[in-house]
Amino acid sequence: MRRESTFQAVRRHLRNGYVILTTRGPVALYGAAMREAAKIVDSPVGVFLAPRDLFKNGRHFLQEYGLRGTIGAVLRQTAATYDPPLGRRRNPINDPLREQAISYYHTYELTKPDGVVPSRRPANEMDFALEIPFAFDPAPATKGPVATIVHAFYPEILPLVLEKLENIPAPVDLFLSTDTEEKKRALAAAAQGWAKGRVEIRVTPNRGRDIAAKFFGFRDVYANYELFLHLHTKRSPHGGAELARWRDYLMDHLLGSPDIVRSILRLFDDPKIGVVFPQHLFELRGILNWGYDYDLARGLMKRMGVEIDKNLVLEFPSGSMFWGRSAAFRPLLDLDIGFDDFPEEGGHVDGTLAHAIERVLLMVAESKGFEWLKVGRRDLYPMPSTLLTVNGPEDLTRHRLKVFQPCLGNVDNGLRPQDRGIAEIKQLLSYPSRNPRPRLNLLTPTVNPHQIFGGVATAMKLFTAVADALGDDYDRRIIATDADIEPEAYDSLPDYEAVPHAASLDLGRRLLVDAYERDGGRLDLRADDIFIATAWWTALFALDLERDRARLFGRELPFVYLVQDDEPYFQGRSSRYALAEATYRHGDRTIAVINSEELYAVMSEKYAFREAYCAPYAMNEQISAALDPAPRERLLLVYGRPNVSRNAFELICDGLFRWQQRDPIRASRWRILFLGEEFPDTLAYPVMNASVGGKVSLAAYASCLSRASVGVSLMLSPHPSYPPLEMAEAGLLTVTNRFEGKNLASRFDNIVSLDLLEPAALADAIESAVAAMEPRIGEIVTRVAPRAPALEDARIFDVALFAERLRQLRA
């Protein structure tokens, strides 16, 4: 291929610059110039680094990508800023994500100077609640009776409580606790005329404030009632004037009118709702933290089988007055906790077991699969924009996505230390879906046609085949994690609905999610989602999503790991190596589908997977159908991908160069065609007679296979790689390499499998192959039948049987 002269290059740039200037203006021209500068310094594609982040992340970029790569990252980001079409495109499908993402107040500080453990809380303007009363007649189905459990330390306030309880449109059984017999008599006198249900009064130790009395003083009551209401005769003498109205604020939210109560009871018609509580008193918002309770809270949740950390969202019914569903609190009620576990009353304002229990109440409910909702009154809360009006039942479904922000769901998409150098592992965050339908999910780096090579193509094919076998009973979803989905990709998947990477009603049957933009994103997670991972970092995503499922739905499922190579080999001795290798060590959580007999033999020997299936090599059906025997030409096919180190591009070029230089007359008659990916032909220099075909269609590839005589394709891993097998099956005399557990010469007699892989040995093999095929030029060489390696006790992957196996996961 003839190289462009300097004069031609200058003329081309001037012409392109004029077009950009006249069509998009001087700002875009500046962006285009930055992209051209990136080409000169580094590459037109790659990572991005904003100039403002140089001081923060520059050192890590220098270590990972070197000086040229770092400068290139800055230039590419500048190009993206000033001329987005020439820089990183932001997928408009995710505009709702950018507009609606919930932001949080948080810090990674471990403790404040006073020892308080800080919390992660939604920003005030993003902390939503349902406005009560609803703007429609809620007509709740609940008929009662409701257990109202009141700790009445101050008996004189009980008449006010009883007056509010009259607003409940159902029978109400009253359970009262206090700390002395004298107070018990006062409570009995105040409740003497209660006509809505039975009354029971208990004297409990003055330990654990209202929390101990309500939960453990009446532990036996909850099993008899589906719903309960927690109240207490709160005074908060430590809070001063700001908290003087706290009790009335809470009761007005929970019992303020018959319409308010009916609205709240309507929420409990949803069997998933476990807690309903008031929006926080605004004066408290600045101190909603873990206080001195974190260690107690963590220990408490561990006893219930749940691990927490301070980076989770802290949400709780401040003031400990709320409506609840008894089943949601069974883990707490079943703990061996008594009054002696609480300190004697000493005016504690924080740091006790009671305060810790208050902070984990919603986590307890979530651990049993329940959700919670907050309610607020427009006349009592000073941020009306955060109160969501409920005009009908459909609004409850829609507003849930804003109000319910799970405490046990990870929402931290900040930059972790490992994310700085390993950008592809930035977490996928989830949101619990209410859709009960099972779904098959493919986690794939990309779906863009120009980025799809053998591994992704195999994954897409397997996913589609299994999804088709599962049938209409299963939905399907493709999640692209490493590249914005481009218009051509959407066009290539017309049966899929493009949806944002954001929490949704999750109603689609075939969805396509662009999850490249992580910040603020949420992936809808169903109780019966099945994930197929296609690379080591997508396996990390699957493992994280299964941990989320365990927290949100109470169980994990194994994930399907499409193993297409021994990936740690490609990472050097590094953090990437450790992370990649670790994904194979979750054998009890993994159903492995291993691509090719050679790789199966190696991986099943090294790792103990729960189940492992071998997907044998078979030529792609489209390639197979398009093969058309033709007279062989002096054409040498090379699978050449400079950006994939395991394909040993430099070694191939060196071997070709040495062969040509030692056998120039014969070599001058042979054309060399590099296939696999686009790259500047200068990278192959000084190899002569070479052209770059890049990534071609399957039909064009089959045409090359039908005409070429010799093939060269290296793969420095246990996976055989399909190109050398396809070349050999099409009749080419093919040069490749041996590796651990791999000798492709056992499959085809027309494969030369090198033990010693160095330029001189490769040049020898190429020269011998060319000499051997020279007499057959012009001859039609027939297709060669492959031999399958013998495998003992291997489960062979069968689509129908595998689909049936996945169905069993729901049992």
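Summary of the structure given here.

About the cut-offs
- Residues numbered from 1 in each chain as written.
- Predicted model: local features only at pLDDT ≥ 70, side-chain atom pairs only at ≥ 80, totals over all residues.
- Heavy atoms only, no water.
- Helix = DSSP H or I, 4+ residues; strand = E, 2+ residues; numbered from the N terminus.
- Buried < 20%, exposed > 50% of the residue type's maximum accessible area, 1.4 Å probe, protein only.
- Contact = heavy atoms within 4.5 Å.
- Pairing = 2+ DSSP bridges.
- Axes fitted to C-alpha atoms, helices over the stretch in contact; angles between N-to-C directions.
- Parallel < 35°, antiparallel > 145°, perpendicular 65-115°, else oblique.
- Left-handed = near helix turned anticlockwise from the far one by under 90°.
- Nonpolar A, V, L, I, M, F, W, Y, C, P; charged D, E, K, R; others polar.
- Salt bridge = Lys/Arg side-chain N within 4 Å of Asp/Glu carboxyl O.
- Polar contact = N/O pair within 3.5 Å; in protein donor to acceptor, adjacent residues only side chain to side chain.
- Patch = residues over 30% accessible without salt bridge, like charges linked within 9 Å, V, L, I, M, F, W, Y side chains within 5 Å.
- Areas by Shrake-Rupley, 256 points an atom, 1.4 Å probe, with all protein chains shown as cover.
- Phe/Tyr/Trp six-rings, centres within 6.5 Å; stacked < 30°, edge-to-face > 60°.
- Lys NZ or Arg CZ within 6 Å of the ring centre and 35° of its normal.
- Core = buried A, V, L, I, M, F, W, Y, C linked by side-chain atoms within 4.5 Å.
- Right-handed = clockwise from strand over helix to strand, strands pointing away.

## As for the overall build of the protein chain
Thought 1: Within the protein chain one finds 26 helices and 28 strands.
Thought 2: Structurally, the protein chain occupies a C-alpha span of about 115 × 65 × 45 Å along its principal axes.
Thought 3: Counting every position in the protein chain, which comprises 811 residues, the buried fraction comes to 55%.
Thought 4: In the protein chain, the proportion of contacts linking residues at least 24 apart, taken out of those at least 6 apart, comes to 74%.

## Here's the deal with the sheet that holds strand β28 (residues 795-796)
Thought 1: Pairing within the open sheet is parallel, and its nine strands lie in the order β15-β16-β14-β13-β18-β19-β20-β21-β28. If you trace the sheet from one side to the other, it starts and ends with β15 (497-499) and β28, each paired once.
Thought 2: Here two bridges tie strand β21 (residues 611-615) to β28, and the two strands are oriented parallel to one another. Residue pairing for β28: Tyr613 is matched across the bridge by Arg795.

## Some points on the packing of helix α7 (residues 209-216) against helix α12 (residues 353-367)
Thought 1: At a minimum axis separation of 8 Å, α7 and α12 run at an interaxial angle of 65 degrees. Here α7 lies roughly perpendicular to α12, going by the angle between them. As α7 packs across α12, the resulting crossing turns out to be left-handed. Of the residues in α12, those touching α7 at Ile211, Phe215 and Phe216 are Ala354, Ile357, Glu358 and Leu361.
Thought 2: Class assignment for the residues of the contact of α7 with α12 results in six nonpolar, no polar and one charged.

## A look at the pattern of salt bridges
Thought 1: Tallying each qualifying case throughout the model produces 70 salt bridges.
Thought 2: When the shortest N-O distance is used, the salt bridge between Asp293 and Arg359 registers 3.2 Å. Taken together, the positions of Asp293 in the loop between β8 (273-278) and α10 (294-303) and Arg359 in helix α12 put the pair 66 residues apart, joining distant regions of the chain. The two residues Asp293 and Arg359 agree in class, both being buried.
Thought 3: Within the structure, one salt-bridge network assembled from shared partners comprises Arg437, Arg439, Asp475, Arg477, Asp506, Arg509, Arg526 and Asp529.

## Describing the sheet that holds strand β24 (residues 690-694)
Thought 1: Across the sheet, six strands lie side by side as β24-β23-β22-β25-β26-β27; this open sheet has parallel pairing. Looking at strand neighbours, the two that pair on one side only are β24 and β27 (751-754), the edges of this open sheet. With direction set aside, neighbouring strand axes in the sheet form an average angle of 20 degrees.
Thought 2: Where strand β26 (residues 733-737) meets β27, four bridges bridge the pair, whose relative direction is parallel. By the bridge assignment, Val735 is partnered in β27 with Val752.

## A few points about the side chain of Arg477
Thought 1: Considering the arrangement of structural elements, one finds Arg477 in strand β14 (residues 475-480).
Thought 2: For Arg477, a relative accessible area of 2% gives the class buried.
Thought 3: A distance of 2.6 Å separates polar atoms of two side chains, one belonging to Arg477 and the other to Asn441.
Thought 4: Polar side-chain contacts of Arg477 include one of 2.9 Å to the backbone oxygen of Asp524.
Thought 5: Aside from chain neighbours lying at most four places away, what touches Arg477 is Arg439, Leu440, Asn441, Leu442, Phe463, Leu511, Val513, Leu523, Asp524, Asp529 and Phe531.

## Some remarks on unusual backbone geometry
Thought 1: Omega for the peptide link from Ile132 to Pro133 comes to -5 degrees, which places this bond in the cis form.
Thought 2: Inspection of the secondary structure puts Pro133 in the loop between β3 (129-131) and β4 (146-151).
Thought 3: At the junction of Tyr685 and Pro686, the peptide bond is cis and its omega measures out at 15 degrees in the coordinates.
Thought 4: One can find Pro686 in the loop between β23 (671-676) and β24.
Thought 5: Notably, Ala648 is not glycine yet its phi reads approximately 50 degrees, a positive angle.

## Thoughts on a nonpolar patch on the surface
Thought 1: On the surface, a cluster of nonpolar side chains totalling about 270 Å² of accessible area is made up of Leu62, Leu67 and Ile71.
Thought 2: For Leu67, the position within the fold is in helix α3 (residues 54-82).

## Section: the side chain of Gln427
Thought 1: Position of Gln427 relative to the elements: it lies in the loop between α14 (417-421) and β12 (430-432).
Thought 2: A distance of 3.2 Å separates a polar atom in the side chain of Gln427 from a polar atom in the side chain of Asn410.

## Focus on the packing of aromatic side chains
Thought 1: Following the criterion strictly, the structure yields 29 aromatic pairs and no others.
Thought 2: Each ring, one from Tyr222 and one from Phe228, has its centre 5.2 Å from the other, and the planes form 90 degrees; the classification is edge-to-face.
Thought 3: Taking the relative accessible area as the measure of exposure, Tyr222 reaches 2% and is therefore buried.
Thought 4: Through pairs of rings, three or more aromatic residues link up here, namely Phe215, Phe216, Tyr222, Phe228, Phe322, Phe329 and Phe342.
Thought 5: Residue placement shows Lys183 over the ring face of Phe153; its charged tip is 3.6 Å from the ring centre.

## Some thoughts on the environment of Asp248
Thought 1: Counting through the fold element by element, Asp248 comes out in helix α8 (residues 246-255).
Thought 2: Note: C-alpha distance between Asp248 and His586 (338 residues apart in sequence) is 52 Å.

## Focus on the environment of Tyr292
Thought 1: Topologically, Tyr292 is positioned in the loop between β8 and α10.
Thought 2: When its relative accessible area of 44% is taken as the criterion, Tyr292 is described as partly exposed.
Thought 3: For the pair formed by Tyr292 and Val117, sequence separation is 175 residues and the distance between their alpha carbons is 6.6 Å.
Thought 4: Among residues more than four places away in sequence, those in contact with Tyr292 are Asp114, Gly115, Val116, Asp350 and Gly351.

## Some thoughts on helix α19 (residues 597-606)
Thought 1: Among the residues of α19, those classed as buried are Glu597, Glu598, Leu599, Tyr600, Val602 and Met603.
Thought 2: Two or three places before Leu599, at the start of α19, stands the capping residue Ser596, its side-chain oxygen 3.2 Å from that residue's backbone nitrogen.

## A short note on the nonpolar core
Thought 1: With 112 residues, the main nonpolar core has Leu165, Phe215, Trp323 and Phe329 as its most contacted residues.
Thought 2: No other element matches α12, which puts ten residues into this core.
Thought 3: Aside from chain neighbours lying at most four places away, what touches Leu165 is Thr148, Leu174, Trp194, Lys196, Leu229, Leu231 and Leu255.
Thought 4: Leu428, Val513, Tyr584 and Ala612 belong to the second largest nonpolar core, which has 37 residues in total.

## Focus: the pairing of strand β5 (residues 172-178)
Thought 1: Buried residues dominate β5, accounting for seven of its seven residues.
Thought 2: Of the two faces of β5, the one holding Val172, Leu174, Leu176 and Thr178 and the one holding Asp173, Phe175 and Ser177 are both buried throughout.
Thought 3: Bridge analysis of β4 against β5 gives six bridges, and the strand direction is parallel. For Ile149, the partnering residue across the bridge sits in β5 and is Phe175.
Thought 4: As judged from the five bridges shared by β5 and strand β6 (residues 199-203), these two strands associate in the parallel manner. Bridge pairing in β6 places Ser177 opposite Arg202.
Thought 5: With helix α6 (residues 181-190) bridging β5 and the parallel β6, this β-α-β connection has right-handed handedness.

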